[in-house]
Amino acid sequence: MVDDERDGVRLTSLDSPLGDGLDVTKADLVDHLDANASRLIPQLAGRPLSVMRVRPGQQPFMQRNVPKGAPDWLRTVPVWSFGANRQVHQVLCDDRRTLLWLANQRAVEFHVPFLRAGEDQPTGLVVDLDPPEDAGFEQVVAAAGLVRRALTEAGLAGAVKTSGSKGVHVVVPVRGARVEDVAAATRALAARAERLDPERATTAYIKEDRHGRVFLDSTRSGGSTIVAAYSPRIRPGLPVSAPVAWEDLPTVRPDAVTVRTAGERLGAGDPWAALLPEPQELPADLVAEGHTIPVARVQAMHEGRRRARARREGAGG
């Protein structure tokens with residue numbers, strides 16, 4: 001097995017398959033993350049990190065709590081986990097050494113919140129565009145155009161990147177707003193984009209209500225996370241969440257940028273940082289509109305219960 005050492009981190013079994021069905025080696029992951037450290041770390045630094053890890057012979061798994069046996073120098077931050085109902089310690093990836101250590105742990109996906117540790121004002125918002133099964137990417141492009149138009153009409157600007165899967169993320173840097181107001185503004189943006197072409201895009205949280213339309217997911221605010229630009233995704237070949245200029249979006253193949261092709265396709269510098277506009281203040285009318293829109297998950301939960309009750313009553317009748 002091929003081993004290496006970089007920045008004081010021992011890297012092991014680099015020539016071994018990374019995980020089942022991924023068609024890459026551990027070295028492919030390590031080399032990609034190391035080559036993009038200067039691009040990734042500014043997005044990760046100071047933010048409680050969640051990673052998706054792989055191991056041969058096992059299903060991928062999400063890891064938030066720092067694993068046992070982590071080195072003493074690894075920086076972490078205590079975070080309350082509502083899912084686990086306890087405090088966990090999440091990694092702060094502030095430097096190359098930490099990134100390499102995570103790579104050696106076979107951490108493939110890097111997910112971060114818009115909140116920095118110890119702060120209460122989000123640095124951005126995202127509308128996550130999720131296409132229906134068997135949809136062509138052109139449907140996603142068209143829906144992203146609706147989101148961009150809604151942003152423009154609200155006096156805002158955003159940048160777009162592929163999700164590393166089938167969708168895209170439209171990201172808007174913001175400043176000076178509370179978590180609940182950023183969440184409200186995101187709901188309003190998605191609703192405005194939907195109204196521009198309700199045959200093409202939908203805010204319906206329940207899948208069976210989408211009817212072949214692109215889902216405009218407005219729920220990734222506050223403590224929710226987004227996969228970082230340049231992060232790989234756990235899919236064959238390890239495609240990468242890649243920045244895209246708006247004018248280039250129609251010609252994009254979302255699976256073309258992988259850990260093996262990113263160096264050639266993404267070029268020099270930091271295209272994601274270059275595409276992102278400066279943080280913006282949220283318009284008061286957008287926030288106000290958003291506060292009139294129910295939180296999607298809560299609304300879907302109540303609707304699911306209502307439908308289940310109706311089915312039971314129908315069966316009983």
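Being a predicted model, the structure only gives us computed values, none of them experimental.

(A) Up close: the nonpolar core. Leu18, Leu44, Leu49, Leu99, Leu102, Phe110 and Leu238 are the most contacted members of the largest nonpolar core, which totals 47 residues. Among the elements of the structure, β2 (9–11), α1 (26–35), α2 (37–44), β3 (50–53), α3 (96–104), β7 (107–113) and α6 (262–266) are those that each provide at least two residues to this core. Looking at this core, the element that brings in the most residues is α3, giving 5 residues. Beyond its immediate stretch of four places on either side in the chain, Leu49 contacts Leu44, Gln63, Arg64, Gln90, Val91, Cys93, Leu102, Phe110, His111 and Val112. In terms of nonpolar packing, the next biggest core, distinct from the first, is built from 36 residues, Leu125, Val147, Val182 and Leu282 among them.

(B) Structural context of the sheet that holds strand β4 (residues 61–63). Read from one edge of the open sheet, 4 strands run β4-β3-β7-β13, paired in antiparallel fashion. For this open sheet the edge positions go to β4 and β13 (225–227), each flanked by a neighbour on one side alone. Neighbour-to-neighbour, the strand axes of the sheet open up by a mean angle of 30 degrees, direction not taken into account. Pairing analysis gives 3 bridges linking β7 to β13, with the strands arranged antiparallel. Bridging across to β13, Pro113 finds its partner in Thr225.

(C) Summary view of the environment of Arg96. Structurally, the position occupied by Arg96 is in helix α3. Arg96 gets classed as partly exposed once you look at its relative accessible area, which sits at 32%. Remark: the alpha-carbon pair of Arg96 and Ser38, spanning 58 residues in sequence, is separated by 8.0 Å. With sequence-adjacent residues up to four places away left out, Arg96 is seen in contact with Arg6, Asp7, Asp34, Ala37 and Ile41.

The rules behind the values
- Residues numbered from 1 in each chain as written.
- Predicted model: local features only at pLDDT ≥ 70, side-chain atom pairs only at ≥ 80, totals over all residues.
- Heavy atoms only, no water.
- Core = buried A, V, L, I, M, F, W, Y, C linked by side-chain atoms within 4.5 Å.
- Buried < 20%, exposed > 50% of the residue type's maximum accessible area, 1.4 Å probe, protein only.
- Helix = DSSP H or I, 4+ residues; strand = E, 2+ residues; numbered from the N terminus.
- Contact = heavy atoms within 4.5 Å.
- Pairing = 2+ DSSP bridges.
- Axes fitted to C-alpha atoms, helices over the stretch in contact; angles between N-to-C directions.

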